[in-house]
Amino acid sequence: MHSISHAHLSLERVKEIIDNKEKLVLSQEATDAIVKCREYLDHKMDDIGRPVYGVTTGFGSLYNVTIPKEDLSQLQHNLVMSHACGAGETVRPEIVKLMLLLKVQNMSYGHSGAQLCTVQRLVDMFNQDVLPVVYQQGSLGASGDLAPLAHLCLPIIGMGEVLYKGERRPSADVWKELGWEPIRLQSKEGLALLNGTQFMSAHAIWSILKSMRLSAWADIIGAISLDAYDGRIEPFLPLTHLLRPHTGQILTGKKYMEILEGSELINRPKVHVQDPYSFRCIPQVHGAVKDNIMYVKSVIENEINSVTDNPNIFPDEDMVISAGNFHGEPIAIPMDSLAIAMSELASISERRTFQLIDGLRGLPKYLVAAPGLNSGFMIPQYTAASIVSQNKGLCWPASCDSIPSSQGQEDHVSMGSNSATKLVRIVDNVETVLAIELMNAAQALEFRRPLKSSPKLEKIVADYRKEVPFVDTDTYMHPLIEKSIQFIRNESYL
């Protein structure tokens, strides 16, 4: 059970909640803050004496249109309904579940004006795995993730679709099955639900957590490739890294020294003086990726512990402030940066794969005993190269674009939602490229027998061989790539 409170929520804790299928419960702290804010807003409505954006007015460029008090509930209902304009592919369920968690956390601070029953419904949806159908396209990454969050919150008012028990169904039908009633939104609530960065942030969390795992795997796989290539250990010695003390570089060098401890291959005399950059510069490249992941992680942790809707309500200060905490720029630029970093992890991986199949250092061409009759591992490298090229296109920073909307009132937007969705694609691509390198590295290692790599790496390769066999002659490669991908989703070696 995870208690939603104002305590710092780390990405590690988010991972535990999701992995362990923990239920959510609102703490007394959160409950009191939500109720206090709503009661303040209800009382304020009686004597506010002026238009307040999103509370007594229309939205966007309609901010000057004052809405009669008797229509404020319908205004919020219309807002959620009309903004559900998503398109394209649906968001994967695990990311939707993160969106629910983050929306609850955002509202728990008591600056949004939501009813307690509204927040509790989001908690119930999370706990019962009632996951709204959300679409990837539609958000500009400013004014919040309007369209995706509208789809996330449509079920609250009994509309839209949800994924429940493996079936995509109208939310109204599932509500009847669960005995839930649609909630009648009060003033400001629709805006509280739709303003926010939870679509972007959920994609970022998913990507960061996976990037951390893939970064660790890249070190392991790169070490297997290094030994299989008969590479040198000197580029990983700490003396060099003390001269250029980037944290990630130092950590990578140290990690390789630990991973390769006891390897017969790394310690044997070398004929060649130095290795290609894809091996020799692993500490610098993998290290830069580590540094970037940690930076982006710190930014996103700050984001998910923030209030990102608008306007912000301050009961103690007797203020309702319309500002711009929904703007995605603070996380859009870092997500674009992470996309570039992870793309580089795939790029250097593909180059190591190329070196392994190139018939150098005593390895047979394409890693088969009879090249010519057999194409061996020729084409997996093509696949990796194709994916790396696709990543280069995806790395164009979405955050450098802006298209004005809402009659120019929303004249600069972050496009962070596009940063988020393509970051997920890039991270998925990196996983595949690393899985292909592992196939090649494990294959190449067999041609170094009877010499062995380190005990740790030999254990990993032995386990890998239970899933992906050594290839003697040409075979159907796609299933082996898929099995290799599944293998590196196992975190027990990290």
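Whatever comes next refers back to the structure up there.
Rules used throughout
- Residues numbered from 1 in each chain as written.
- Predicted model: local features only at pLDDT ≥ 70, side-chain atom pairs only at ≥ 80, totals over all residues.
- Heavy atoms only, no water.
- Helix = DSSP H or I, 4+ residues; strand = E, 2+ residues; numbered from the N terminus.
- Buried < 20%, exposed > 50% of the residue type's maximum accessible area, 1.4 Å probe, protein only.
- Pairing = 2+ DSSP bridges.
- Contact = heavy atoms within 4.5 Å.
- Phe/Tyr/Trp six-rings, centres within 6.5 Å; stacked < 30°, edge-to-face > 60°.
- Polar contact = N/O pair within 3.5 Å; in protein donor to acceptor, adjacent residues only side chain to side chain.
- Salt bridge = Lys/Arg side-chain N within 4 Å of Asp/Glu carboxyl O.
- Axes fitted to C-alpha atoms, helices over the stretch in contact; angles between N-to-C directions.
- Parallel < 35°, antiparallel > 145°, perpendicular 65-115°, else oblique.
- Left-handed = near helix turned anticlockwise from the far one by under 90°.
- Nonpolar A, V, L, I, M, F, W, Y, C, P; charged D, E, K, R; others polar.
- Disulfide = S-S within 2.5 Å.
- Core = buried A, V, L, I, M, F, W, Y, C linked by side-chain atoms within 4.5 Å.

## Things to note about the environment of F470
Alright, step 1. For F470, the location among the structural elements is in the loop between α18 (455-465) and α19 (478-487).
Alright, step 2. Relative accessible area serves as the criterion here: at 29%, F470 is assigned to the partly exposed category.
Alright, step 3. Put simply, F470 and A442 are 28 residues apart on the chain and 8.0 Å apart in space, counted from C-alpha to C-alpha.

## Observations regarding the sheet that holds strand β4 (residues 131-132)
Alright, step 1. An order of β4-β6-β7 is seen for the three strands of this open sheet, with the pairing classed as antiparallel. The sheet is open, and its two edges are formed by β4 and β7 (167-170), each paired on a single side.
Alright, step 2. Pairing analysis gives four bridges linking strand β6 (residues 161-164) to β7, with the strands arranged antiparallel. Note on β7: the bridge partner recorded for V162 is R169.

## Let's talk about α18
Alright, step 1. By the burial criterion, the buried members of α18 are L457, E458, I460, V461, D463 and Y464.
Alright, step 2. Next to the buried residues of α18 lie α9 (198-228), α11 (247-259), α17 (416-445) and α19.

## Some remarks on the packing of aromatic side chains
Alright, step 1. Following the criterion strictly, the structure yields eight aromatic pairs and no others.
Alright, step 2. Relative to Y256, the ring of F236 has its centre 4.6 Å away and its plane inclined at 10°; by these criteria the two rings are stacked. With F236 in the loop between α9 and α10 (238-242) and Y256 in helix α11, this residue pair connects regions lying 20 residues apart in the sequence.
Alright, step 3. Classification of F236 as buried rests on a relative accessible area of 1%.
Alright, step 4. Looking at Y256, the relative accessible area reads 0%, which means it is buried.
Alright, step 5. The rings of W217, Y464, F487 and Y493 are connected pair by pair, giving a single aromatic cluster.

## Looking at the side chain of N391
Alright, step 1. By the element assignment, N391 lies in helix α16 (residues 378-394).
Alright, step 2. A polar atom in the side chain of N391 sits 2.8 Å from the side chain of N429.
Alright, step 3. If sequence neighbours within four positions are ignored, N391 has contacts with S343, A346, I426, N429 and V430.

## Observations concerning the pattern of salt bridges
Alright, step 1. A complete count under the given rule lists 30 salt bridges for this structure.
Alright, step 2. When the shortest N-O distance is used, the salt bridge between E431 and R213 registers 3.2 Å. One end of the pair, E431, is in helix α17; the other, R213, is in helix α9, with 218 residues separating them in the sequence.
Alright, step 3. For R213, a relative accessible area of 10% puts it in the buried group.
Alright, step 4. Taking the shortest distance from any N to any O, the salt bridge between R352 and E437 comes out at 2.7 Å.

## Focus: the packing of helix α1 (residues 11-19) against helix α4 (residues 93-107)
Alright, step 1. Two elements in contact, α1 and α4, have axes separated by 11 Å at closest approach and are oriented at 120°. The angle between α1 and α4 places the two elements in the oblique class. Seen along the crossing, α1 lies across α4 with a hand that is right-handed. Side by side, α1 and α4 meet where V14, I17 and I18 of the first sit next to K97, L98 and L101 of the second.
Alright, step 2. Across the contact of α1 with α4, the residue classes break down as five nonpolar, no polar and one charged.

## Considering the environment of I34
Alright, step 1. Along the chain, the position of I34 falls in helix α2 (residues 28-47).
Alright, step 2. Note: C-alpha distance between I34 and S112 (78 residues apart in sequence) is 7.9 Å.

## Quick word on the state of the cysteines
Alright, step 1. Overall, the coordinates contain zero disulfides when judged by the stated rule.
Alright, step 2. No disulfide involves C37; its sulfur sits 14 Å from that of C117, the nearest cysteine.
Alright, step 3. Between C153, a cysteine without a disulfide, and C117, which holds the nearest cysteine sulfur, the sulfur-to-sulfur distance is 13 Å.
Alright, step 4. Since its relative accessible area comes to 1%, C153 is described here as buried.

## Notes on unusual backbone geometry
As a rule of thumb, non-glycine residues mostly have phi less than zero, and peptide bonds are mostly trans rather than cis.
Alright, step 1. Residue P311 follows N310 across a cis peptide bond; omega there is -5°.
Alright, step 2. With respect to the helices, strands and loops of the structure, P311 is situated in the loop between α14 (282-304) and β8 (312-314).
Alright, step 3. A cis amide bond links R449 to the next residue, P450, at an omega of 15°.
Alright, step 4. Looking at the secondary structure, you find P450 in the loop between α17 and α18.
Alright, step 5. A positive phi is found at K21, a non-glycine position, where the angle reads about 50°.
Alright, step 6. Residue K21 is classed as exposed on the basis of its relative accessible area, which comes to 64%.
Alright, step 7. Of note in the backbone geometry, K165 takes a positive phi value of approximately 55° without being a glycine.
Alright, step 8. Among the secondary structure elements, K165 is positioned in the loop between β6 and β7.

## Considering the packing of α4 against α9
Alright, step 1. Orientation of α4 relative to α9, taken along the N-to-C sense of each, is 125°, at an axis distance of 8 Å. The angle between α4 and α9 falls in the class oblique. Remark: the crossing between α4 and α9 carries right-handed chirality. Along its contact with α4, which presents E94, I95, L98, M99, L102, K103 and N106, the element α9 presents Q198, F199, S201, A202, H203, I205 and W206.
Alright, step 2. Looking at the contact of α4 with α9 residue by residue, the classes come out as eight nonpolar, four polar and two charged.

## A short note on the nonpolar core
Alright, step 1. Grouped together as the largest cluster of nonpolar side chains are 129 residues, with contacts concentrated most on I300, M342 and I488.
Alright, step 2. Membership of the second largest hydrophobic core comes to five residues, among which are C37, Y40, I313 and V320.

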